Amino acid sequence: MANALDVKFDLVVACDLNRGIGKENGLPWRLPGDMKHFRELTSAVEDRQKRNAVLMGRKTWESIPPKFRPLPNRVNVVLTRNGAYDLDPQAIAAESIDAAMEKLSQLEIEKYFIIGGAHLYEQAVHHPSCNFLYLTEIDEKFQCDVFFPSFEALFTLISTSKTFDDNGIRYCYKKYQRNK
Ligand SMILES: NC(=O)c1ccc[n+]([C@@H]2O[C@H](COP(=O)([O-])OP(=O)(O)OC[C@H]3O[C@@H](n4cnc5c(N)ncnc54)[C@H](OP(=O)(O)O)[C@@H]3O)[C@@H](O)[C@H]2O)c1
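Criteria and thresholds
Residues numbered from 1 in each chain as written. Predicted model: local features only at pLDDT ≥ 70, side-chain atom pairs only at ≥ 80, totals over all residues. Heavy atoms only, no water. Buried < 20%, exposed > 50% of the residue type's maximum accessible area, 1.4 Å probe, protein only. Helix = DSSP H or I, 4+ residues; strand = E, 2+ residues; numbered from the N terminus. Arc of directions from axis to C-beta. Contact = heavy atoms within 4.5 Å. Near = heavy atom within 4 Å. Polar contact = N/O pair within 3.5 Å; in protein donor to acceptor, adjacent residues only side chain to side chain. Areas by Shrake-Rupley, 256 points an atom, 1.4 Å probe, with all protein chains shown as cover. Phe/Tyr/Trp six-rings, centres within 6.5 Å; stacked < 30°, edge-to-face > 60°. Lys NZ or Arg CZ within 6 Å of the ring centre and 35° of its normal.

### Let's talk about helix α3 (residues 97-104)
Every buried residue of α3 is accounted for by Ile-97, Ala-100, Met-101 and Leu-104. Around the axis of α3, the buried residues are gathered within 95° of arc, so they sit on the same side. As for α3, its buried residues are in contact with β1 (9-15), β3 (51-57), β4 (74-79), β5 (92-94), β6 (109-114) and α4 (118-124).

### Comments concerning the site of the ligand
Among the 28 residues in the neighbourhood of the ligand, the closest are listed as Arg-58, Thr-60, Thr-80, His-119 and Gln-123. Take Gly-117: an N or O atom from its main chain is 3.0 Å from an oxygen atom of the ligand. Within the complex, the protein chains bury 89% of what would otherwise be the 930 Å² of accessible surface of the ligand. Per-element accounting of the shell around the ligand gives the leading share, five residues, to α4.

### Remarks on the packing of aromatic side chains
What the rule picks out here adds up to 10 aromatic pairs. A ring pair is formed by Phe-151 and Tyr-176, whose centres lie 5.1 Å apart and whose planes are at 85°; its orientation type is edge-to-face. Of the two residues, Phe-151 is situated in the loop between β8 (146-147) and β9 (155-160) and Tyr-176 in strand β11 (residues 169-178); the sequence distance between them amounts to 25 residues. Exposure class is identical for Phe-151 and Tyr-176. Each is buried. A network of ring pairs unites the aromatic residues Tyr-121, Phe-148, Phe-151, Phe-155 and Tyr-176 as a single cluster. For Lys-175, the ring lying beneath its charged end belongs to Phe-132, and the centroid distance is 4.2 Å.

Structure representation (structure tokens):
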């Protein structure tokens, strides 16, 4: 068990060139390679007795097709201020990021990932426990109605992958660390 105050979390997001992340409560693109990368990044553990946790806003949870949720092999935490929200009993509801971390401190969790959406990212980039930002940078502009917050002044770029191509859409993976 971990002390909730000591635990750091990372952010995972895919953005277009305008920092767009979604439209009509879905993703504006289809990138199977990035989906695989997301699954591997958020699922991989060194200690097989543990699992990683994925924290998401209620709308992001609802954007995942029911047959694919909860996301397998990860502890799914859904943020909602609605105490009466009818959540799948296999997922955990929490009323704030801190409440989520407190609940997760009772479990054997290796890594903590905030996986969206825009409302949750907006709070997370300013949270003192935020550490790495795993950003898939898509080299195009899509019609979006939700955006990742401006983050460049808060984070330092530490690595950039080669460029990938899915169905003609080019993207790369960037890893940032939040400035102390
Ligand atoms: N490109 C990407 O990487 C990516 C990743 C994830 C999501 N998305 C996209 O983002 C969009 C959804 O984002 P969104 O901003 O509309 O919604 P969201 O952040 O997923 O969910 C917002 C809801 O989460 C709850 N919430 C947020 N912060 C909370 C807090 N601190 N404490 C308690 N509850 C909290 C509230 O639920 P209640 O109203 O129930 O209180 C709020 O209405 C979709 O289009 C989705 O496809 C994109």
